[in-house]
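Here is what each chain is made of, one letter per residue.
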Amino acid sequence: ERRDALEISLGRMRLKNPVMLASGTCGYGRELRDWFDLSSLGAIVVKGTTLAPRAGNPPPRLVETAAGLLNSVGLQNPGIQHFIELELPELVEAGATVVVNVAGDTEEEYVEITRRLASLPAGTVAGVELNVSCPNVEKGGLQFGTQPQDVFDLTRRVVAVAAHLEVWVKLSPNAPDIVAVARAAEAGGASAVSLVNTFRGLAIDLDARRPVFARTFGGLSGPAIKPLALRMVWEVTRRVGIPVIGVGGILTAEDALEFLLCGARAVQIGTAQFRDPEASVRVIEGIEAWLSARGIRKIGEWIGSLRVKGEQLYPQADA
Ligand code: SIN
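Cut-offs applied
Every chain is numbered independently, its residues counted from 1 as its sequence is written. In view of the model being predicted, local features appear only for residues whose pLDDT reaches at least 70, and side-chain atom pairs are presented and counted only at 80 or more, with totals across whole chains, interfaces and linings using the full set of residues. As a rule here, side-chain values cover all heavy atoms of the structure and leave hydrogens and water aside. Strands here mean DSSP runs of E at least two residues long; helices mean DSSP runs of H or I at least four residues long; both are numbered from the N terminus. In this setup the radius of gyration rests on C-alpha atoms only. A globule is expected at 2.2 Å times the number of residues raised to 0.38. A simple rule labels every residue: compare its accessible area, found with a 1.4 Å probe on the protein chains alone, to the largest value its type can have, and call it buried under 20%, exposed over 50%, or partly exposed in between. When checking whether two residues touch, look at their non-hydrogen atoms; a contact exists if any pair is within 4.5 Å. Accessible surface is estimated by sampling points in the Shrake-Rupley manner with a 1.4 Å probe; for residues, cover comes only from the protein chains shown. Charge convention: Lys and Arg are scored as positive, Asp and Glu as negative, and His as well as the terminal groups of each chain are ignored. By convention, the point assigned to a charge is CZ for Arg, NZ for Lys, CD for Glu and CG for Asp. Within this analysis, patches are made of residues with over 30% relative accessible area and no salt bridge. Like charges are joined at 9 Å or less; nonpolar side chains (Val, Leu, Ile, Met, Phe, Trp, Tyr) at 5 Å or less. A side-chain nitrogen of Lys or Arg and a carboxyl oxygen of Asp or Glu constitute a salt bridge if their distance falls within 4 Å. Residue-level confidence of the predictor is what pLDDT reports, using numbers from 0 through 100. At least two DSSP bridges between two strands are needed for those strands to be called paired. The definition of a right-handed crossover adopted here requires that, viewed with the strands pointing away, the path from the first strand over the helix to the second runs clockwise. Any residue with a non-hydrogen atom lying within 4 Å of a molecule or strand is treated as near it. Under the rule applied, a polar contact is a pair of N or O atoms within 3.5 Å (in protein, one hydrogen donor and one hydrogen acceptor; residues adjacent in sequence only if both atoms are side-chain atoms). Polar here means any residue outside two lists: the nonpolar Ala, Val, Leu, Ile, Met, Phe, Trp, Tyr, Cys and Pro, and the charged Asp, Glu, Lys and Arg; Gly therefore counts as polar.

**Some points on the overall build of the protein chain**
If you tally the helices and strands in the protein chain, you get nine helices and 16 strands. A compact globule built from 319 residues would reach a C-alpha radius of gyration of about 20 Å, and the protein chain, at 18 Å, matches this within 12%. Per-residue burial for the protein chain yields a buried fraction of 56% across its 319 residues. Pairs at least 24 apart in sequence give 71% of the contacts found in the protein chain among residues at least 6 apart. Surface summary for the protein chain: the accessible area is close to 13700 Å², and the carbon and sulfur share equals 51%. Of the charged side chains in the protein chain, 33 are positive and 36 negative, and the gap between their average positions amounts to 3 Å.

What follows is the structure, given as structure tokens:
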């Protein structure tokens, strides 16, 4: 009965709980399988995957900050065919609910990857999360994610070939108007939006008088961004009809509960896993205990029930 308390629906998906692993922080789940049962999660969103393998950016790729992590990985991944043949079967075997974060240089690449995933037997992959928010590559990524029209076009084309797959769009906090981008994803047929990806940041090597990363900027994640992500989730949930998945600096069950209270139907845990590989399990258990201690029998009673005085809307919305 306690397990049912955390069940949520997300588009056509029914998840046993609202806690997922965020793309790029769990690879394809291999390392984590020794730590916990992947089927205990709401879902696992695997690393941004492209059509062909990609080598990613030269090192260094990670810099720890006072309260977060900067990365410049550059979408290193083994390509979609490798994923389908060598990684996916083990995830299915582990009973995981799998969502594939899809990245590409061109719209065609996103479409082709989705088409291949949609041709797999139903139940192997639950959905795709379109990465229009990677700040660390020349083409693709953020190139698609800042302009609402681009996001609308891409989403519509992917949805047209997605068949039974859910289509989520992962939004960038670096877009000038994230609400407008979220609305464009919704208009394009997305079944959910996830936000936020990393904030573009800069790390400096003082002795060398250079930026640490070869591509100058990196993406900031971790507790440093949590209040910013929470604010954006709040703004977007008020302005779109599709579910919002909250991501950004969640370390604890209380952090996750804040996102859910602001209206996120689910959350993703990312950077926290580098500190504690079992962070997601602790968050699930913590949410369960927290709700049960307060007599809240269904998580749906909690989601979006933030008490606010008046309407505090995003200033640019409807402008
Ligand atoms: C990366 O691979 O550079 C990070 C991916 C992302 O932020 O979307």
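**Let's talk about a nonpolar patch on the surface**
Nonpolar side chains collect at one region of the surface, where Leu202, Ile204, Leu206 and Phe217 lie side by side and expose about 430 Å² of accessible area between them. Inspection of the secondary structure puts leucine 206 in the loop between strand 12 (204-205) and strand 13 (210-211).

**Comments concerning the confidence of the model for the protein chain**
For the protein chain, per-residue confidence averages 94 on the pLDDT scale, and 96% of positions sit at 70 or higher. Taken as a whole, residues 313-319 scores under 50 in pLDDT and shows 13 contacts with residues more than four places along the chain or in a different chain.

**Considering the pairing of strand 9 (residues 166-170)**
Within strand 9, five of the five residues are buried, which leaves the element mostly enclosed by the surrounding structure. Residues Glu166, Trp168 and Lys170 line one face of strand 9 and the alternating positions Val167 and Val169 line the opposite face, and both faces are buried. Pairing of strand 8 (residues 127-131) with strand 9, which is carried by five bridges, proceeds in the parallel orientation. Within strand 9, the residue paired with leucine 130 across the bridge is valine 169. When strand 9 meets strand 10 (residues 192-195), the two strands line up parallel, connected through three bridges. By the bridge assignment, tryptophan 168 is partnered in strand 10 with alanine 192. Following the backbone out of strand 9, through helix 5 (residues 178-187) and into the adjacent parallel strand 10, one traces a crossover that is right-handed.

**Focus: the site of the ligand**
With respect to spatial proximity, the complete set of residues near the ligand consists of Lys47, Asn71, Val73, Gly74, Leu75, Asn131, Cys134, Pro135, Asn136 and Asn197. Backbone polar atom of valine 73 to an oxygen atom of the ligand: 3.4 Å apart, as the coordinates give it. For the ligand, an oxygen atom lies 2.8 Å from a polar atom in the side chain of asparagine 131. Of the residues in the shell around the ligand, the class split is four nonpolar, five polar and one charged.

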